[in-house]
Amino acid sequence: MGFYPGSFEEFLTAGVLAFILTFVRIGTAIMIMPGLGDYFVPERIRLHIAIGITFVLFPLALPHMPKPFPGTFMLLFLIVTEFTVGVFFGMIARILMLALDTAGMVISISSGLANAQLFNPALATQGSLMGAFLSVTGVMFLFVTNLHHLLIRGIVESYDLFPLGGALDTGSMAELMARMVAKSFTVGVQIGMPFVVLSLLVYIVMGVLARLMPQVQVFLLALPVQIILSLSLLMMTLGVGFMYWAAQFEDGMVFFLAAVRP
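The shown structure was predicted, so the numbers you read here are calculated from the model rather than taken from an experiment.

J.: Sorry if this is basic, but what is going on with the nonpolar core here?
T.: For soluble globular proteins, nonpolar side chains are generally found buried alongside one another. The biggest cluster of nonpolar side chains holds 60 residues, and the ones touching the most others in it are W245, F249 and M253. The residues contacting F249, other than those within four sequence positions of it, are P34, A93, L96, M97, L142, L147 and L151.

Here it is in structure tokens:
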């Protein structure tokens, strides 16, 4: 009981306020981050998960709480700051997850399936067929490889990176956000690059065939051949693509852990 000196009433008051501050940061991040905070998870379930994880991680966040607790206005400022940090952390993980949707769009355009639009449950919006497939599979891959443990650990380590009550370096946060967007787009294009090369080869072959045999309707042959070859290539490269994405996702999230290591 050394953390909260005084009467039992003061202990309860300080404990409730500390739990609220912990829940604001952890709960906000969990409601946004991929997997636990996806749109196809009901809001009530997400809220229960956030409260449960907050109860588990609450003792780890206690040493970072201010002593004694500030007044009303300063407490409101802390709540807004914690909310901002939670949104920032959750958005970093969400942006890295969007690399799969970008890869799916590149694959759909290259394979001739761009017109096949499908509801993407991970983003709660219309998207490409391959983007929806890769996004949903990526969520499963996230839990299979235990990368969600890295997300939860990163939330706890974020108290060292963003001390409670400290001033936020908004310039560095914006720069990091822009860098993560660029990295997410680059990873998505790199995953879909084999399909771009395959599409280019198909068009070159069809162009040569049209010159050698003008009577052949190459436009009737190009799309079926392109789809069949793209699906065959997807079966051969799907595992490697997900492993590469998982490695890049881990490298992006480990920033929060590496920043606090000596």
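Next comes the rest of the description.
J.: I tried to follow the confidence of the model for the protein on my own but got confused; where do I start?
T.: Low-confidence regions, as indicated by low pLDDT, have predicted coordinates that should not be scrutinised in detail. Averaged over the protein, the pLDDT score is 81; the fraction of residues at 70 or greater is 89%. Per-element confidence in the protein is highest for helix α6 (residues 170–212), whose mean pLDDT is 87, and lowest for helix α8 (residues 255–258), whose mean pLDDT is 61. Below a pLDDT of 50 lies the segment residues 1–5, which in the model reaches 11 contacts outside its immediate sequence neighbourhood of four places, other chains included.

J.: In this structure, what is going on with the environment of L221? I would like to understand it.
T.: In this fold, L221 is placed in helix α7 (residues 218–253). For L221, a relative accessible area of 39% corresponds to the partly exposed category. In this structure the C-alpha to C-alpha distance between L221 and M206, which are 15 residues apart in sequence, comes to 8.4 Å. Those residues in contact with L221 that sit more than four places away from it in its chain are M206 and V216.

J.: What am I meant to see in the pattern of salt bridges here?
T.: A side chain of one charge can pair with a side chain of the opposite charge when the charged atoms of the two come close. Under the definition given, this model contains two salt bridges. Note that R179 is salt-bridged to E175, the shortest N-O span being 4.0 Å. Taken together, the residues span about one helical turn, with R179 and E175 both in helix α6 at a distance of four residues. For E175, a relative accessible area of 53% gives the class exposed.

Rules and cut-offs
- Residues numbered from 1 in each chain as written.
- Predicted model: local features only at pLDDT ≥ 70, side-chain atom pairs only at ≥ 80, totals over all residues.
- Heavy atoms only, no water.
- Core = buried A, V, L, I, M, F, W, Y, C linked by side-chain atoms within 4.5 Å.
- Buried < 20%, exposed > 50% of the residue type's maximum accessible area, 1.4 Å probe, protein only.
- Contact = heavy atoms within 4.5 Å.
- pLDDT = per-residue confidence, 0-100.
- Helix = DSSP H or I, 4+ residues; strand = E, 2+ residues; numbered from the N terminus.
- Salt bridge = Lys/Arg side-chain N within 4 Å of Asp/Glu carboxyl O.

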